[in-house]
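A closer look at the structure
The chain contents come next:
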There are 2 protein chains.
Amino acid sequence: MTSQELFENIKRKGSFLCVGLDTDINKIPQFLLETTDPIFAFNKEIIDATHKFTVAYKPNMAFYESMGVSGWNSLEKTVNYIRYNYPDIFIIADAKRGDIGNTSNMYAKAFFDAMEFDAVTVAPYMGEDSVKPFMTYVDKWVILLALTSNKGAADFQYVSEDGEKLFEKVIKSSKAWGNEENLMYVVGATKAEKLQEIRSIIPNHFLLVPGVGAQGGSLKEVAKNGLNDKCGLLVNSSRGIIYASSEQDFAQKAGEAAKEVQQEMAGLLKAKGLL
Amino acid sequence: MTSQELFENIKRKGSFLCVGLDTDINKIPQFLLETTDPIFAFNKEIIDATHKFTVAYKPNMAFYESMGVSGWNSLEKTVNYIRYNYPDIFIIADAKRGDIGNTSNMYAKAFFDAMEFDAVTVAPYMGEDSVKPFMTYVDKWVILLALTSNKGAADFQYVSEDGEKLFEKVIKSSKAWGNEENLMYVVGATKAEKLQEIRSIIPNHFLLVPGVGAQGGSLKEVAKNGLNDKCGLLVNSSRGIIYASSEQDFAQKAGEAAKEVQQEMAGLLKAKGLL
């Protein structure tokens with residue numbers, strides 16, 4: 001998907017929401033455990049109920065891997081289900097991968113060939129040759145970790161050389177490796193005040209912002225500091241939407257929660273003159 | 001596995017070799033493609049031929065993920081095969097994972113519960129709460145990226161604040177998160193001259209050293225700068241061993257290649273007074 005196509009979807013839906021599919025067998029409604037593939041059954045219902053209000057889904061690899069082969073199978077079914085039923089949706093593998101070139105090539109194959117993801121999150125520690133193999137696919141995206149939303153972000157991401165912090169260096173170095181059509185950045189919403197600073201380095205790149213909702217970030221603050229003239233934001237919510245209810249009405253409640261976020265987003269897009 | 005048990009295995013086998021199972025469907029002998037699970041068939045033969053000369057195997061997750069569900073299935077069979085047939089072998093998931101605590105917990109479940117790995121490689125970018133969930137399992141290990149063997153290592157790992165480089169800060173910070181019984185470090189062999197410096201910070205921790213062989217590192221240099229009084233090293237070789245031949249004799253040739261490395265290692269252990 002190109003950035004223009006993504007922007008068109010955002011305008012059509014009045015939403016820059018990404019729904020995180022952190023599907024946990026211990027948190028889904030009990031009655032689904034009787035189905036042959038409870039993880040996929042849950043995802044399918046959630047997707048059907050929320051797709052109108054979201055432009056992206058982000059399955060979190062860890063949750064599927066924790067289930068072994070059957071989890072990987074549920075993941076493939078989920079990606080295929082989205083791809084064939086809602087082809088305008090942007091699908092992100094939240095995988096935080098990154099290894100020597102030869103190995104990153106294989107990860108790229110896993111997410112872009114073996115499965116039809118549009119993007120994969122990548123960790124920058126190993127540098128350029130660990131990131132570039134993901135950029136060789138047309139209309140596919142790297143979403144590189146810059147500033148994350150967790151407490152441990154403070155441990156290394158602020159290490160500063162000559163006044164330049166590591167997360168800034170990651171952004172400045174990496175933007176030369178790709179372009180605005182194959183590279184986005186993860187910027188944690190709990191650091192909304194940093195968004196302005198980051199926007200001054202990369203005014204046009206899309207940013208994936210996790211941490212709104214359960215992790216405490218404010219959507220209004222994120223929009224204020226992060227929106228650009230092509231939106232330029234994907235804001236993720238996982239637990240706040242997919243676990244809105246643990247009863248029979250879980251999908252309906254997830255749809256309502258997604259709609260609520262979408263409506264706030266539509267307001268913010270309008271205020272910015274983008275709708 | 002405890003560090004003492006690992007050291008006992010190293011002494012008994014006269015080897016600190018780790019064989020990397022970077023099993024690529026395009027590189028294994030053609031005739032194996034007729035079997036129902038060529039990846040597992042290859043691994044099984046390689047393991048049977050090399051286990052006497054190695055103390056560890058390191059399946060590289062990317063190669064299995066690139067095959068989708070069937071790859072994940074071959075991986076599980078490989079881990080189970082090693083676990084039940086050669087229970088003294090240390091099994092490393094080369095996964096380079098690391099995410100917010102909640103998600104790292106799920107990755108730990110994937111590698112330590114759903115599969116019986118002894119260790120998982122972890123990337124440090126997201127800090128303490130992304131690493132610690134892997135340390136809550138008894139006798140299981142985090143192998144944290146410190147200084148990697150690839151060209152891109154120079155991009156961020158040498159960022160220096162007040163004279164302290166990022167990879168040094170990663171080691172110094174993280175050694176307080178765990179101990180010598182649950183934390184090892186990845187130190188690339190192409191940076192053998194750095195090993196001495198790293199040994200001065202962590203004299204007792206085990207180091208996993210990739211990059212000997214295809215990536216150009218020298219075993220003698222690594223041993224000179226990295227061995228401690230309990231060995232303290234696992235040196236990985238992947239392509240140089242598992243692809244020693246692409247003919248019918250591939251397993252035999254892999255065994256011979258592993259034996260050759262083992263004999264050099266035994267000499268180095270003797271010279272150090274450890275055998």
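The rules behind these values
- Residues numbered from 1 in each chain as written.
- Chains lettered and ligands numbered in written order.
- Predicted model: local features only at pLDDT ≥ 70, side-chain atom pairs only at ≥ 80, totals over all residues.
- Heavy atoms only, no water.
- Helix = DSSP H or I, 4+ residues; strand = E, 2+ residues; numbered from the N terminus.
- Rg over C-alpha atoms; globule rule 2.2 N^0.38 Å.
- Contact = heavy atoms within 4.5 Å.
- Areas by Shrake-Rupley, 256 points an atom, 1.4 Å probe, with all protein chains shown as cover.
- Lys, Arg positive; Asp, Glu negative; His and termini not counted.
- Charge placed at Lys NZ, Arg CZ, Asp CG, Glu CD.
- Least-squares fit on C-alpha atoms with pLDDT ≥ 70 in both.
- Axes fitted to C-alpha atoms, helices over the stretch in contact; angles between N-to-C directions.
- Parallel < 35°, antiparallel > 145°, perpendicular 65-115°, else oblique.
- Nonpolar A, V, L, I, M, F, W, Y, C, P; charged D, E, K, R; others polar.
- Pairing = 2+ DSSP bridges.
- Phe/Tyr/Trp six-rings, centres within 6.5 Å; stacked < 30°, edge-to-face > 60°.
- Buried < 20%, exposed > 50% of the residue type's maximum accessible area, 1.4 Å probe, protein only.
- 1 Å grid on protein atoms, 1.4 Å probe; cavity = no way out; pocket = protein on both sides within 12 Å on 5 of 7 lines; lining within 4 Å.
- Points joined across faces, edges and corners; volume = space filled by probe spheres on them.
- UniProt positions renumbered as here; feature names shortened; annotations may be inferred.
- Buried area = accessible area lost by both parts, 1.4 Å probe.
- Salt bridge = Lys/Arg side-chain N within 4 Å of Asp/Glu carboxyl O.
- Core = buried A, V, L, I, M, F, W, Y, C linked by side-chain atoms within 4.5 Å.

Things to note about the overall build of chain A
- For chain A, the helix and strand inventory stands at twelve helices and ten strands.
- Taking 275 residues into account, the globule formula puts the C-alpha radius of gyration at 19 Å, and chain A, at 18 Å, falls close to it.
- Long-range pairs, those at least 24 residues apart, make up 74% of the contacts in chain A with a sequence separation of at least 6.
- If you sum the accessible surface of chain A, you get close to 9600 Å²; carbon and sulfur atoms cover 47% of it.
- Of the charged side chains in chain A, 30 are positive and 35 negative, and the gap between their average positions amounts to 4 Å.

Concerning the relation of the copies chain A and chain B
- It takes a turn of 180 degrees to lay chain A on chain B, together with a shift of 0.0 Å along the axis; the resulting RMSD is 0.0 Å. The operation mapping one copy onto its partner corresponds to a two-fold rotation axis. Residue E161 of chain A, judged by its C-alpha, is the member of chain A lying nearest the rotation axis, at 2.6 Å.
- Same-surface contact between copies: 100% of interface residues of chain A are shared with the interface of chain B.

Looking at the packing of helix α4 (residues 68–85) of chain A against helix α4 (residues 69–85) of chain B
- The interhelical angle for the contact between α4 of chain A and α4 of chain B, taken along N-to-C directions, is 170 degrees, at an axis separation of 9 Å. On the basis of their axis angle, the class for α4 of chain A and α4 of chain B is roughly antiparallel. Of α4 of chain B, the residues touching α4 of chain A (which contributes G68, V69, W72, N73 and E76 of chain A) are V69, W72, N73 and E76 of chain B.
- The residue makeup of the contact of α4 of chain A with α4 of chain B, split by class, is four nonpolar, three polar and two charged.

Observations regarding the sheet that holds strand β10 (residues 233–237) of chain B
Residue and element names in this part refer to chain B.
- The strand order around the closed barrel formed by eight strands is β1-β2-β3-β4-β5-β8-β9-β10, and the pairing between neighbours is parallel. Adjacent strand axes in the sheet meet at a mean angle of 30 degrees when their direction is disregarded.
- As defined by bridge partners, strand β8 (residues 183–187) adjoins strand β9 (residues 207–209) across two bridges and the pair is classed as parallel. Bridge assignment links Y185 to a residue of β9, and that residue is L207.
- Here α4 sits on the sheet in contact with β1 (17–21), β2 (56–59) and β3 (90–97), set at roughly 150 degrees to β3.
- Most of the contacts of helix α8 (residues 166–174) go to strand β5 (residues 141–147), to which it runs at about 155 degrees, and overall it touches β5 and β8.

Here we look at the environment of T2 of chain A
- Relative to the helices and strands, T2 of chain A is located in the segment before α1 (3–13).
- In this structure T2 of chain A touches D139, W141 and E181 of chain A, once residues within four positions along its chain are discounted.

Some points on the packing of aromatic side chains
- Under the defined criterion, the tally for this structure stands at 21 aromatic pairs over all chains.
- Aromatic side chains F42 of chain A and F250 of chain A sit 5.3 Å apart centroid to centroid with 15 degrees between the ring planes, which places their arrangement in the stacked category. With a gap of 208 residues between them, F42 of chain A in helix α2 (residues 38–50) and F250 of chain A in helix α12 (residues 250–271) connect regions that are remote in the sequence. Each of the two residues, F42 of chain A as well as F250 of chain A, counts as buried.
- Taking 6.3 Å as the distance between ring centres and 70 degrees as the angle between the ring planes, the aromatic pair formed by Y81 of chain B and Y86 of chain B counts as edge-to-face.
- We classify Y81 of chain B as buried; its relative accessible area is 15%.
- Judged by its relative accessible area of 15%, Y86 of chain B falls in the buried class.
- Here the aromatic cluster, defined as three or more aromatic residues joined through ring pairs, consists of F31, F42, Y243 and F250 of chain A.

Observations concerning the layout of surface pockets
Residues and elements named next belong to chain B.
- Of the volumes computed, that of the largest pocket is approximately 160 Å³.
- If you go around the largest pocket, you meet ten residues; those closest to its centre are S237, A257, E260, V261 and E264.
- Of all the secondary-structure elements, those providing two or more residues to the lining of the largest pocket are α11 (239–242) and α12 (250–271).
- Here the element with the most residues in the lining of the largest pocket is α12; it accounts for four residues.

Structural notes on the UniProt feature "active site" (unreviewed entry) in chain A
- In this structure's numbering, the residues bearing the UniProt feature "active site" (unreviewed entry) are K96 of chain A.
- Within the secondary structure, K96 of chain A sits in strand β3 (residues 90–97).
- Excluding its chain neighbours within four sequence positions, the residues that come into contact with K96 of chain A are T121, V122, A123 and L145 of chain A together with K96, G98, D99 and M126 of chain B.

Some points on the interface of chain A and chain B
- The interface is formed by 57 residues belonging to chain A together with 57 residues belonging to chain B.
- Summed over both sides, the interface between chain A and chain B buries roughly 5000 Å², with carbon and sulfur atoms accounting for 61% of that surface.
- Joining chain A to chain B, the criterion identifies four salt bridges.
- K96 of chain B is the salt-bridge partner of D99 of chain A, the closest N and O atoms lying 2.8 Å from each other.
- The dominant element in the side of chain A that touches chain B, judged by the number of residues it contributes, is helix α5 (residues 101–114) of chain A, at eight residues.

A word on the nonpolar core
- Ranked by internal contacts, the top residues of the largest apolar core, which has 211 residues, are F111 of chain A together with F111 of chain B.
- In contact with F111 of chain A, not counting residues within four places along its chain, are M61, A93, A95, R97, E116, F117 and V120 of chain A together with E65 of chain B.

Considering the pairing of β3 of chain B
All names here are of chain B.
- Here β3 lies mainly inside the structure; eight of its eight residues are buried.
- Going residue by residue along β3, you find F90, I92, D94 and K96 tucked away on one face and I91, A93, A95 and R97 tucked away on the opposite face as well.
- With two bridges joining them, β2 and β3 adopt parallel strand pairing. Across the sheet, A56 pairs through a bridge with F90, a residue of β3.
- Two elements, β3 and strand β4 (residues 119–122), share three bridges in a ladder whose sense is parallel. Pairing of A93 across the sheet is with V120, part of β4.

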